[in-house]
Amino acid sequence: MAASHVNLKGNCGETKPAVGYLGPEGTYTHQAAYELFGDSVHYVPFKTIADTFNNVGKTSEIALIPIENSIHGSVVETLDLLRSPLLGKEFHIQGEVTLKISHALLVRQGTTMEGIRVIGSHEQALGQCSSFLKTNMPDALLDRTDSTAAAARRVLEKSNGDYAAVCSTICLKLYPGLEALKENIQDGEDNFTRFIILSPKDITSITPFRQPETTHLRTAIFRVSVPSQRRPGVTIQDILSALQHLTVLRIDRRPSLSTKSFHDAYLITVEYNEEPDLLQLVERRVKEMFSSQHRQDSATDFTILGSW
């Protein structure tokens, strides 16, 4: 998305739904949201991914948060938020969007590469540019900020000019006084980030400005908790056997919110042909495993977090 072709701020109208994103203006989440909804919505920035998540259905009707990058991997903060017992009940994942990421090194105008002492950005962006940073500024300190655009703003807040930010060149338009020392500094051209779209279950009227490609396949994410230690009961192998009619695309594991020690929450992303009641059949099959007499305490949760 070229900075010169869009109005990132959108137009605030009372009748427009609010879309929450990781702010401030100019983050990649902001870009992804704008590419999806255009000027048809009002954009609400939040300081952290957790703030964005926790305000779904409150300050914003819908929200985008990053979940995975093709270079640096999963966004752990997002995976931890997907353990919330409210997700899958009060609100859900209604879709996803992928954005090509191109990072630049932004500084206060007049700053040279040799004058940089500190480099700030979100930890994902720093990780995606690690080769460039180690090669060109191996002695610079890394400052992990809440977002890429927050680092761009911090450049202007520093008076001595030794601070640089890894972020999008769109920040040049949003924050006058910056210049790009180097563009396309990510570790490889194939750098993409996936964002998930969250909304309350009763929200059905927000139509994306850019319609996704139509396909006969659907995607869903399940959350299931099972003990990580070897003990009698349902195992992750049992869960996967219940998903035999689905294609498992990825499995993420995090500690569950259970009070029991060594209890895991698995986030399983699947793809499947659109068949009536297929997800409900899988859910019923897994819950029957959990409720069988000799396995009743072996798992704490099986929830469909969303399908699209």
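Predicted model only: the values in this text are computed from it and were never measured.

Rules behind the numbers
Residues numbered from 1 in each chain as written. Predicted model: local features only at pLDDT ≥ 70, side-chain atom pairs only at ≥ 80, totals over all residues. Heavy atoms only, no water. Helix = DSSP H or I, 4+ residues; strand = E, 2+ residues; numbered from the N terminus. Buried < 20%, exposed > 50% of the residue type's maximum accessible area, 1.4 Å probe, protein only. Contact = heavy atoms within 4.5 Å. Areas by Shrake-Rupley, 256 points an atom, 1.4 Å probe, with all protein chains shown as cover. Expected span 1.5 Å × (residues − 1). Arc of directions from axis to C-beta. Salt bridge = Lys/Arg side-chain N within 4 Å of Asp/Glu carboxyl O. Pairing = 2+ DSSP bridges. Patch = residues over 30% accessible without salt bridge, like charges linked within 9 Å, V, L, I, M, F, W, Y side chains within 5 Å. Lys, Arg positive; Asp, Glu negative; His and termini not counted. Charge placed at Lys NZ, Arg CZ, Asp CG, Glu CD. Axes fitted to C-alpha atoms, helices over the stretch in contact; angles between N-to-C directions. Phe/Tyr/Trp six-rings, centres within 6.5 Å; stacked < 30°, edge-to-face > 60°.

Here we come to the overall build of the protein chain. Each helix and strand counted, the protein chain has 9 helices and 15 strands in total. Taking all 308 residues of the protein chain together, the buried fraction comes to 51%. In the protein chain, once contacts between residues fewer than 6 apart in sequence are set aside, the share between residues at least 24 apart is 76%. Accessible surface computed for the protein chain: about 15000 Å², of which carbon and sulfur atoms make up 47%.

The end-to-end C-alpha distance of helix α9 (residues 278-291) is 20 Å, a good match for the 20 Å that 14 residues give at a rise of 1.5 Å each. Of all the positions in α9, only Leu-278, Leu-279, Val-282, Glu-283, Val-286, Met-289 and Phe-290 are classed as buried. The buried residues of α9 occupy one face: seen down the axis, they fall within an arc of 135°.

Attention shifts here to the pattern of salt bridges. For side chains of opposite charge, pairing can occur when their charged atoms come near one another. Under the definition given, this model contains 8 salt bridges. Ionic pairing is found between Arg-83 and Asp-80, a salt bridge with its closest N-O pair at 3.8 Å. Where salt bridges share partners, they join Glu-68, Glu-96, Arg-194, Arg-250 and Asp-252 into one cluster.

Below, the discussion takes up the pairing of strand β11 (residues 192-200). With 8 of 9 residues buried, β11 is to be regarded as a mostly interior element. As judged from the 6 bridges shared by strand β3 (residues 62-69) and β11, these two strands associate in the antiparallel manner. Looking at β11, one finds that Pro-66 is bridged to Phe-195. Bridge analysis of strand β5 (residues 91-100) against β11 gives 9 bridges, and the strand direction is antiparallel.

Glancing now at the environment of Ala-50. Within the secondary structure, Ala-50 is located in helix α2 (residues 49-54). Taking the C-alpha atoms as reference, Ala-50 lies 7.1 Å from Leu-81; in sequence the two are 31 residues apart. Ignoring anything within four residues of it in the chain, the contact list for Ala-50 reads Glu-77 and Leu-81.

Looking now at a negative patch on the surface. On the surface, Asp-51, Glu-77, Glu-123 and Asp-146 cluster together into a patch of negative charge. On the secondary structure map, Glu-123 appears in helix α4 (residues 123-128). Classification of Glu-123 as partly exposed rests on a relative accessible area of 47%.

What the 5 strands build is an open sheet, ordered β8-β7-β9-β6-β10; its pairing is mixed. Two strands lie at the open edges of the sheet, namely β8 (141-144) and β10 (178-183), each paired on one side alone. Going from strand to strand, the sheet's axes swing by 30° on average, the running direction of each strand aside. Across 4 bridges, strand β7 (residues 118-121) lies against β8 in parallel orientation. Bridge pairing in β8 places Ser-121 opposite Arg-144. Lying on the sheet, helix α6 (residues 148-157) is in contact with β6 (104-108), β7, β8, β9 (163-167) and β10; it crosses β9 at an angle near 160°.

With respect to burial, strand β14 (residues 263-273) is a largely interior element, 9 of its 11 residues being buried. For strand β13 (residues 247-255) and β14, the ladder comprises 8 bridges, and the chain directions are antiparallel. Within β14, the position partnered with Thr-247 by the bridge is Glu-271.

Let's shift gears to a nonpolar patch on the surface. A contiguous nonpolar surface patch, about 200 Å² in accessible area, is contributed by Leu-240, Val-248 and Ile-251. Turning to its location among the elements, Ile-251 is positioned in strand β13. Taking relative accessible area as the criterion, Ile-251 reaches 39% and is therefore assigned partly exposed.

Take the packing of aromatic side chains next. Evaluated as defined, the whole model comprises 4 aromatic pairs. Pairing Phe-53 with Phe-91 gives two aromatic rings, centres 5.2 Å apart and planes at 70°, and the pair type is edge-to-face. With Phe-53 in helix α2 and Phe-91 in strand β5, this pair connects stretches of sequence that are 38 residues apart. The exposure class assigned to Phe-91 is buried, which follows from its relative accessible area of 6%. One aromatic cluster in this structure is built from Tyr-21, Tyr-34 and Tyr-43.

Here the focus is the environment of Met-289. Mapped onto the fold, Met-289 is located in helix α9. In this structure Met-289 comes out as buried when scored by relative accessible area, which is 15%.

It is worth stressing that arrangement in space is one thing and function is another; only the former is reported here.
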